[in-house]
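Spelled out, the chains give:
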Amino acid sequence: LTIFSFLCTITAAVDTSPLPTDEHGDYNAADIIEWIRSNPDGIIHESLRVGRETPGDPNSINGLFVKSDTAAIEKGDVIAHIPWDCTINPGKKYNFDKFESCNNVYKLADELRLGEESTKAPYVRYLLSLPRGTMPGEWNEMAQDFLSIVLDHGQLPPYEEQWKFDFNIDWLGDCDGHEDDEFERAAYHLNHSRDEDTLMVPIYDMMNHSNDPKKLNTLTYKPIATGDVFRVVASRRIEPGEQVYNSYNRCNRCSLSLFGVDPDDCETFSGYSTSDILSYFGFVEDYPQSWLFDSNDSSDDDMPSEFDMCMLKNPETNEIDVYWGQDNADDHDVKWAENQLKRLRKLLKKKDEVEDELVGEGDDKIGHYQWETIWRYHGALVSALEAAVDASFFDSSDDSSDDDSSDDRNVKDEL
């Protein structure tokens, strides 16, 4: 894939030291933790470890965990204080209320060029080691074209200007970036997928995402002003062996309306929908999910065409509950959703037939990771559109007992 040769260009251009590993051979961020703790303002909780969920298993997920042989992290405990000097930041141009920064992408590109010469070398070393090609905007042309087919060339979210052309629009256009500078390109995508608004924050950016109330266990607090620390605090007791989670979209509409998320905790730009998570982070989030669809085919811009909903897994029944947002699906929306479902199901029937032809190594093939991500998102779209159709049926009928759907969904009141 083009993306791998691009990664080689980055790493070949910069000398870096080997990454530290634990006794199982898993990366453990020991150099970053030591570096943060060496700062008078730096704190990393003694019970925290970086590594795999199942140590030594290469197929196990990487993340932050409470050590299994130590005490729990209690509610209110400081998990991490990341000093200002350990972040990659816009400097004096930092603004608490600003969510994007061309300046910080340039700063990150400069740090990547410096490599081991950077004053933030432990963090830069880690960033340079990360694989490219996880976000759709970084995929090769074959993978992007196939995702466009799944999304019906702009009819389904995320829309192409958000993921396919964002580098050209945001970086080359708005930030006057340089198309052929591999460090700027890497910095742009790293910043979009790992930043906290205008900050790049070590350790914090290793936390995995969840909005599941049973899993989510932290709150984060940005620096108020230049020079302040970045704080991560336990929002509940976190048991030994448990994973430490962050939410990448804590303050989306569904969370605010259904989970009672305190708006005062929404100090970051974190209102992303499920389609935004794919676009900006390159994965499909588990439930709860937040969806916004636009059934307008651009032939009549005056026709109301948006409908939004939340999908949650009921903890008691394990069924999927559907909540309408401000805009329910009307008859036009339902017909549009049904047509999209027919198209997506037809595409699924061809999956095995075209996989051998399309998937493999090289610029003219779709990588295995990209292929699996596309089909996971395809499944999420089908579930969401089916839920919208089913929910509209229940809304228009007093008799829900005739439903013969194989999916277990309950329709809830409007948010």
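For the structure, check the block above.
Model, not experiment: these values are computed from the prediction.

(A) Expanded view of the sheet that holds strand β3 (residues 62-66). Taking strand neighbours across the sheet as the criterion, the four strands line up as β2-β3-β8-β5 in an open arrangement whose pairing is mixed. The sheet terminates laterally at β2 (48-52) and β5 (208-209), the two strands that pair on one side only. Where β3 meets strand β8 (residues 243-246), two bridges bridge the pair, whose relative direction is antiparallel. Looking across to β8, one finds that F65 is bridged to Q243.

(B) Quick peek at helix α7 (residues 166-174). By the burial criterion, the buried members of α7 are D166, F167 and W171. Seen from one end, α7 has its buried residues packed into an arc of 90°, which puts them on one side. Summarising the contacts, the buried residues of α7 are in contact with α3 (102-114), α6 (160-163) and α8 (182-194). Immediately downstream of α7, the backbone of D176 shows phi near 55°, a positive value.

(C) Structural view of the sheet that holds strand β6 (residues 218-221). Read across the open sheet, the four strands follow the order β1-β4-β7-β6; overall the sheet is antiparallel. Bordering the open sheet on either side are β1 (43-44) and β6, each of which pairs with just one other strand. Note: β1 against strand β4 (residues 78-82), two bridges, orientation antiparallel. Paired with I44 across the two strands is A80, which belongs to β4.

What counts, and where the lines are drawn
Residues numbered from 1 in each chain as written. Predicted model: local features only at pLDDT ≥ 70, side-chain atom pairs only at ≥ 80, totals over all residues. Heavy atoms only, no water. Pairing = 2+ DSSP bridges. Helix = DSSP H or I, 4+ residues; strand = E, 2+ residues; numbered from the N terminus. Buried < 20%, exposed > 50% of the residue type's maximum accessible area, 1.4 Å probe, protein only. Arc of directions from axis to C-beta. Contact = heavy atoms within 4.5 Å.

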